[in-house]
Amino acid sequence: MKLQHITLLSLVAAMLGLMTACSKKAELLDTVPASSAMVTTVDLKAICERSGLEFTAEGIKASPEASGKLDGNVKAALDKLAMLDAKGVADLSTIVVGLDTKEGAFLTFSITDFERFKLIVEDAVTWSDDADGLHCGSLNRIPVAANDHQVWMLMNMNGSVTGIVKKLLEQADEMPVSKLEGIAQALYRDNLINTAVVNGLDPFNAKSESNVPVLEKVWNVAALNTSADSKSIVLEWEQMASTGEMQKFKGLKNINPAVLAYVPEGFTVTFGAGLTNDFDWKPIETVLTMLGGFQAGAFMAVVKPYLESIDGTVLIAARPSDPDNLDSNDPSDWDFILLAHMPQDKINQLTATVSSMMSTAGITPKAAGEGLISVPQYGKEMTMGNVDGYLGISTIGFDNTRNNSLAPIFVNKDMAFNFTANPLSDYLDEAPEGVALEVSLGMTDSKGQAKFALPGSDRPILEYLLSLLLQED
């Protein structure tokens, strides 16, 4: 009976704690305009604590692995953050980062007492005269504004500090993001980081979506957390309307698992996607052109008709010939296989074009089986042609009887990715023996999940990553 009472009290306490946390987030989100292009909530306290950095009233208390290795300036900054939270002066379990299409980027969090806040940060923030009912200052040239219960830090300013804060609050009075039911619920979730970004937002032109009515916008929502055992980092995302209605990603369908049989065990990188004719290649074209300039743009112009003809699964798998070549851009340092389902005439056309180009360059392609040609390239024998209705290009040939452990990641997914470095010490000198690195991603309909894990490590992953970052040269 006593146990039942204890369990009931624990449940009530947990519910009250959750309600209080949601209430604090709601109050802060009440001050963020619904017209924002991006809104992110960050639980800085939990991130630090899961990294082995405990918040105390005296400052940061680091784990044995991190203690003594923190840079002096970093340690001083963490001490102030820890004291602000532990003394109840600031709530660092809910920090909001936003991007307003008119006023720029901002960061904000709640405080309980400005004078106590000012005292703790006195040697970090330089305060000037108050203006328009706000306290004004600067933190390493970053403008800071505060009232008695909230602090703002501003970036990409398009006006005075007080003017921007006032405009943000005026827009939030008209409609705060907390009134967008689906988006607010996503931002309230108990994760290390929650973020919502307007779909179709051009990062180089934040005003590109400003003419779309707030309630008609579609958002890409993501959440970052650690797994229940703290041994992996998990990123989940979905696409939803402002109301919370799920939006299915267009142009995708399930990956055909039969293509996995062509991938040998131990390949470092594998990517697969099931595409339909509705898939939009424009974002990929834009990114490649932006990164590669004119040559990349010209390349995309040539291959785009073939990309747009893909009507099924695309699979790319690769491994470096030596672990030291993982960061190499030289194709001769890699083995790979590519399969892309497309109409037979496109496969024949592309194969004939490559064969003609090779002949012009003085390289004579050889027949390598029905519908296949083989050409020496990058010090390897590259095979290309029709493989069971797929355009195939490979340095390892085509054998559909290979075994691997990719099925759980790729089956019933519209898009999937896997990266494995085992052991990690082959790729990273600082990594201890017996630890591997695994990164996997899977997406279906409107939802996706990515996982970052270090199998073989006996410590929480954030704590382990922090220790790697702090390792002495």
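Nothing here was measured: the structure is a model prediction, and the numbers come from that model. (Residues numbered from 1 in each chain as written. Predicted model: local features only at pLDDT ≥ 70, side-chain atom pairs only at ≥ 80, totals over all residues. Heavy atoms only, no water.)

Undergrad: A description of the overall build of the protein should follow, citing residues and the corresponding values.
TA: Each helix and strand counted, the protein has 10 helices and 23 strands in total. Sorting the 473 residues of the protein into buried and exposed places 44% on the buried side. Here the contacts in the protein between residues at least 6 apart in sequence split such that 61% fall between residues at least 24 apart. With an accessible surface of roughly 24,500 Å², the protein has 55% of that area assigned to carbon and sulfur atoms. (Helix = DSSP H or I, 4+ residues; strand = E, 2+ residues; numbered from the N terminus. Buried < 20%, exposed > 50% of the residue type's maximum accessible area, 1.4 Å probe, protein only. Contact = heavy atoms within 4.5 Å. Areas by Shrake-Rupley, 256 points an atom, 1.4 Å probe, with all protein chains shown as cover.)

Undergrad: Tell me what's going on with the nonpolar core, and back it up with residues and numbers.
TA: L53, F109 and F117 are the most contacted members of the largest nonpolar core, which totals 29 residues. Going through the elements one at a time, β2 (53-56), α3 (72-86), β4 (90-100), β5 (104-111), α4 (114-120), β8 (142-146) and β9 (150-155) are the ones with two or more residues in this core. F109 has contacts with L28, A90, D91, L92, T94, I95, F117, H149, Q150, V151 and M153, leaving out every residue within four places of it along the chain. (Core = buried A, V, L, I, M, F, W, Y, C linked by side-chain atoms within 4.5 Å.)

Undergrad: Please set out the confidence of the model for the protein residue by residue, giving values where relevant.
TA: For the protein, per-residue confidence averages 86 on the pLDDT scale, and 90% of positions sit at 70 or higher. For the protein, the element scoring lowest by mean pLDDT is helix α1 (residues 2-29), at 53; strand β1 (residues 38-42) scores highest, at 97. Scored below 50 in pLDDT, residues 1-21 makes 0 contacts in the model with residues more than four places away or belonging to other chains. In this model, residues 202-208 is a region of pLDDT below 50 whose contacts with residues beyond four sequence positions or in other chains number 7 contacts. (pLDDT = per-residue confidence, 0-100.)

Undergrad: Give me unusual backbone geometry: which residues, what numbers.
TA: The omega torsion of the bond from N422 to P423 falls at 0°, within 30 degrees of zero and hence cis. Mapped onto the elements of the fold, P423 is located in the loop between β21 (415-421) and β22 (437-444). Positive phi, normally seen in glycine, also occurs at S230, with a value near 65°. Counting through the fold element by element, S230 comes out in the loop between β11 (218-226) and β12 (232-241).

Undergrad: So what about helix α6 (residues 181-188)? Which residues, and what values?
TA: Residue pairs three or four apart in sequence face the same way in an α-helix, which turns once every 3.6 residues. Where burial is concerned, most of α6 is hidden: 6 out of the 8 residues are buried. Taken as a whole, α6 has its buried residues at G182, I183, A184, A186, L187 and Y188.

Undergrad: Report on the pairing of β21, specifying residues and quantitative values.
TA: Taking burial as the measure, the 7 residues of β21 include 5 buried ones, the bulk of the element. In this structure, strand β14 (residues 269-275) lies alongside β21, joined through 5 bridges in antiparallel fashion. Along β21, the bridge assignment pairs G272 with A416. (Pairing = 2+ DSSP bridges.)

Undergrad: Break down the pattern of salt bridges for me, citing the residues and quoting the values.
TA: Scanning the model with the defined rule gives 9 salt bridges in all. As a salt-bridge pair, K80 and D123 come within 2.6 Å of each other at their nearest N and O atoms. Remark: D123 occurs in the loop between α4 and β6 (126-127) and K80 occurs in helix α3; sequence separation between them is 43 residues. We classify K80 as buried; its relative accessible area is 18%. Its relative accessible area of 63% is what places D123 among the exposed residues. (Salt bridge = Lys/Arg side-chain N within 4 Å of Asp/Glu carboxyl O.)

Undergrad: I'd like a rundown of the pairing of β22, residues and numbers included.
TA: As paired elements, β21 and β22 share 7 bridges and run antiparallel to each other. The partner of A421 across the bridge, within β22, is L437. Here β22 hands over to strand β23 (residues 447-453) after 2 residues, with D445 in that stretch at a positive phi of 55°.

Undergrad: Give me the lowdown on the environment of S467, citing residues and values where you can.
TA: Within the secondary structure layout, S467 lies in helix α10 (residues 461-469). Between the C-alpha atoms of S467 and A66, which are 401 residues apart in sequence, the distance is 5.9 Å. In contact with S467, other than residues within four places in its own chain, are E65 and R459. Side-chain polar atoms of S467 contact the backbone oxygen of Y464, separated by 2.6 Å. (Polar contact = N/O pair within 3.5 Å; in protein donor to acceptor, adjacent residues only side chain to side chain.)

Undergrad: If you had to explain the packing of aromatic side chains to someone new, which residues and values would you point to?
TA: Overall, the coordinates contain 4 aromatic pairs when judged by the stated rule. Look at F114 and W127: their rings are 5.1 Å apart centre to centre, the planes differ by 80°, and that puts the pair in the edge-to-face class. Linking F114 in helix α4 with W127 in strand β6, this pair joins segments that are 13 residues apart in sequence. With a relative accessible area of 5%, F114 lands in the buried category. Between F279 and W281 the ring centres are 4.9 Å apart and the planes differ by 75°, which places this aromatic pair in the edge-to-face class. According to the relative accessible area criterion, F279 is buried, its value standing at 17%. Among the aromatic side chains, those forming a connected cluster through ring pairs are F109, F114, F117 and W127. Its end group placed over the ring of Y306, K346 keeps NZ or CZ at 5.5 Å from the ring centre. (Phe/Tyr/Trp six-rings, centres within 6.5 Å; stacked < 30°, edge-to-face > 60°. Lys NZ or Arg CZ within 6 Å of the ring centre and 35° of its normal.)

Undergrad: How would you explain the side chain of D414 if you had to name every residue and give the values?
TA: Here D414 shows up in the loop between α9 (407-410) and β21. No salt bridge forms around the buried D414; measuring N to O, its nearest opposite-charge neighbour K248 is 5.7 Å away. There is a polar contact of 2.9 Å between the side chain of D414 and the backbone nitrogen of D445. (Lys, Arg positive; Asp, Glu negative; His and termini not counted.)

Undergrad: Break down a negative patch on the surface for me, with residues and values.
TA: The grouping of D322, D324, D327, D426, D429, E430 and E433 at the surface amounts to a negative patch. Mapped onto the secondary structure, D327 falls in the loop between β15 (313-320) and β16 (334-341). Taking the relative accessible area as the measure of exposure, D327 reaches 67% and is therefore exposed. (Patch = residues over 30% accessible without salt bridge, like charges linked within 9 Å, V, L, I, M, F, W, Y side chains within 5 Å. Charge placed at Lys NZ, Arg CZ, Asp CG, Glu CD.)

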